[in-house]
Amino acid sequence: MKKTTSKDLSKKLKRYSALTIAVSGIANLNAQDGWSGIIDYTIDSSTSNRNYAIDAYGSDGNPEFSFYVNASFAWVLTSNTINTGSILGSSSLGFAYPYALTSGQSINNAQITWFSNSISYQSLMYINSSSSCVANWCGVSSQFLGLRFHVGSDLHYGWARISASPNGGVANTLTIHEYYFNPTANEGVEAGQFALGIEEETISKTKIIALNKTIALYNLPDQTNYRVFNMSGQQILDGKIQNEAYVIEANTLANGIYIIELQDNDTKALIRKK
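Keep in mind that what you see is a predicted model, and the values were worked out from it rather than measured. In every chain, residue numbers begin from 1 and rise along the written sequence. For a predicted model such as this one, the threshold for reporting local features is a pLDDT of at least 70, and the threshold for listing and counting side-chain atom pairs is 80 or more; totals across whole chains, interfaces and linings nevertheless cover every residue. Processing note: side-chain calculations cover all non-hydrogen atoms of the structure and skip hydrogens and water entirely.

## Overview of the side chain of Asn225
Looking at the element boundaries, Asn225 is found in strand E18 (residues 224-230). Judged by its relative accessible area of 17%, Asn225 falls in the buried class. Pairs of N or O atoms within 3.5 Å make up the polar contacts considered here, provided that, within protein, one atom can donate a hydrogen while the other can accept it, and that residues adjacent in sequence are counted only when both atoms are side-chain atoms. A distance of 3.5 Å separates a polar atom in the side chain of Asn225 from a polar atom in the side chain of Lys240. Note on definitions: a residue-residue contact is assigned when non-hydrogen atoms from the two residues lie within 4.5 Å. Once you skip the residues sitting within four places of it in the chain, Asn225 turns out to touch Gly239, Lys240, Glu261, Leu262, Gln263 and Asn265. A run of DSSP states H or I qualifies as a helix once it reaches four residues; a run of E qualifies as a strand once it reaches two. Both are numbered from the N-terminal end. Residue exposure (1.4 Å probe, protein chains only): buried if accessible area is under 20% of the type maximum, exposed if over 50%, otherwise partly exposed.

## Some remarks on the side chain of Thr214
Considering the arrangement of structural elements, one finds Thr214 in strand E17 (residues 214-218). Among the polar contacts listed, one links the side chain of Thr214 to the side chain of Glu249, at a separation of 3.2 Å.

## Regarding the pairing of strand E7 (residues 95-98)
The two faces of E7 differ: Ala96 and Pro98 on one face are buried, but Phe95 and Tyr97 on the other face are not. In this structure, strand E6 (residues 85-92) lies alongside E7, joined through four bridges in antiparallel fashion. Residue pairing for E7: Ser91 is matched across the bridge by Ala96. Strands were regarded as paired on the criterion that DSSP finds at least two bridges between them. Counted along the chain from E6 to the antiparallel partner E7, the turn is two residues long, and its residue Leu93 has a positive phi close to 55°.

## Brief notes about unusual backbone geometry
At Ala135, a residue that is not glycine, the phi angle is positive and equals roughly 90°. Overall, the relative accessible area of 28% leaves Ala135 in the partly exposed class. The phi torsion at Asn219 lies on the positive side, around 60°, for a residue other than glycine.

## Quick look at the packing of aromatic side chains
For Phe, Tyr and Trp, rings pair up if their centres lie within 6.5 Å, where Trp contributes its six-membered ring, and each pair is then called stacked (planes under 30 degrees apart), edge-to-face (over 60) or tilted (otherwise). For the structure on display, the rule yields 11 aromatic pairs. Considering the side-chain rings of Phe144 and Trp159, the 5.3 Å spacing of their centres and the 90° angle between planes classify their relative orientation as edge-to-face. Here Phe144 is found in strand E12 (residues 143-151), whereas its partner Trp159 is found in strand E13 (residues 154-165), with 15 residues between them in sequence. Seen from their ring centres, Tyr179 and Phe181 are 6.2 Å apart, and the 55° between their planes marks the pair as tilted. Across this residue pair, the class does not change: Tyr179 and Phe181 are buried.

## Digging into the environment of Asn62
Among the structural elements, Asn62 can be located in the loop between strand E3 (51-54) and strand E4 (65-69). Counting along the chain gives 22 residues from Asn62 to Thr84, while the straight-line C-alpha distance between them is 9.9 Å.

## Observations concerning the pairing of E18
Put simply, side chains in a regular strand alternate between the two faces of the sheet. Buried residues dominate E18, accounting for six of its seven residues. By the bridge criterion, six bridges tie E18 to strand E19 (residues 235-241) in an arrangement that is antiparallel. Bridge pairing in E19 places Thr224 opposite Ile241. With seven bridges joining them, E18 and strand E21 (residues 258-264) adopt antiparallel strand pairing. By the bridge assignment, Arg227 is partnered in E21 with Glu261.

## Regarding the nonpolar core
Residue types Ala, Val, Leu, Ile, Met, Phe, Trp, Tyr and Cys, when buried and joined through side-chain atoms within 4.5 Å, form a set referred to as a nonpolar core. Core analysis: the largest hydrophobic core is formed by 26 residues, its most contacted members being Phe67, Leu174 and Phe181. Within the residue set of this core, elements represented by two or more residues are strand E2 (36-44), E4, strand E5 (73-78), strand E10 (121-127), E12, E13 and strand E14 (173-181). Aside from chain neighbours lying at most four places away, what touches Leu174 is Tyr41, Thr42, Ile43, Phe67, Val69, Ala74, Leu124, Ile162, Ser163 and Ala164.

## What about the confidence of the model for the protein?
Here the protein shows a mean pLDDT of 77. Residues at 70 or above account for 76%. Scored from 0 to 100, pLDDT records how confident the predictor is in each individual residue. Ranking the elements of the protein by mean pLDDT puts strand E1 (residues 21-22) last with 30 and strand E8 (residues 106-107) first with 95. Across residues 196-201, confidence stays below pLDDT 50; counting only partners more than four residues off in sequence or on other chains, it has nine contacts.

## Here we look at the environment of Asp266
On the secondary structure map, Asp266 appears in the loop between E21 and strand E22 (270-273). As a C-alpha pair, Asp266 and Pro221 span 45 residues in sequence and 8.6 Å in three-dimensional space.

The following block contains the structure:
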């Protein structure tokens, strides 16, 4: 990897300053307790691979949310035993219809239309007798389910980023891209955003500026390790940084979406960002 001088770095940071993205608020997506995860998992009604479950609380074998597809439906079920889950949406005639939220919409106790398995179905999309797709998720790409679940008397709010593709009678598909739940009880989140945990405080002021195939980092801790992954989880680049600012030249990477992971070498605080 090309070594960038401080002079070059100053030029790059000045050039990219209008594109600065603060990463405070990014969750540790490598969490061991299941509060968050990058999945990018597709279930398909034309195969035997038709369901997927999210077990957020401690990965205890009692999933809070389960997703299913068949030739007519894509739906999500919530646990009504341990860690009862519910989904933000609307209802009609005994059916619940989860909302397709856009990035930044609030998910908290101010919303009152939460539905659990006490209602018949929680339909993401439905192919009717006229082969038309109805409900809120017909052909929706990369939007958010508002989710919450109980741990005792406490509520934990979160979201799952989902894409849904209807193809009635042939192959309905549902992709669960990623999910996040706020570990702080009774504290809301915004769709697509992460709450900052105490363990990330030492690295929370780090800033990332990404343009084309150059990634500029500044406000770094004294010693920072970085890794870059593709969306299949394969590590593409890695290195160690001992400066407050640094530029990663990624000219060899193919166009696409990647994840950068930064870790404070002293405190082991960890953040990731797409």
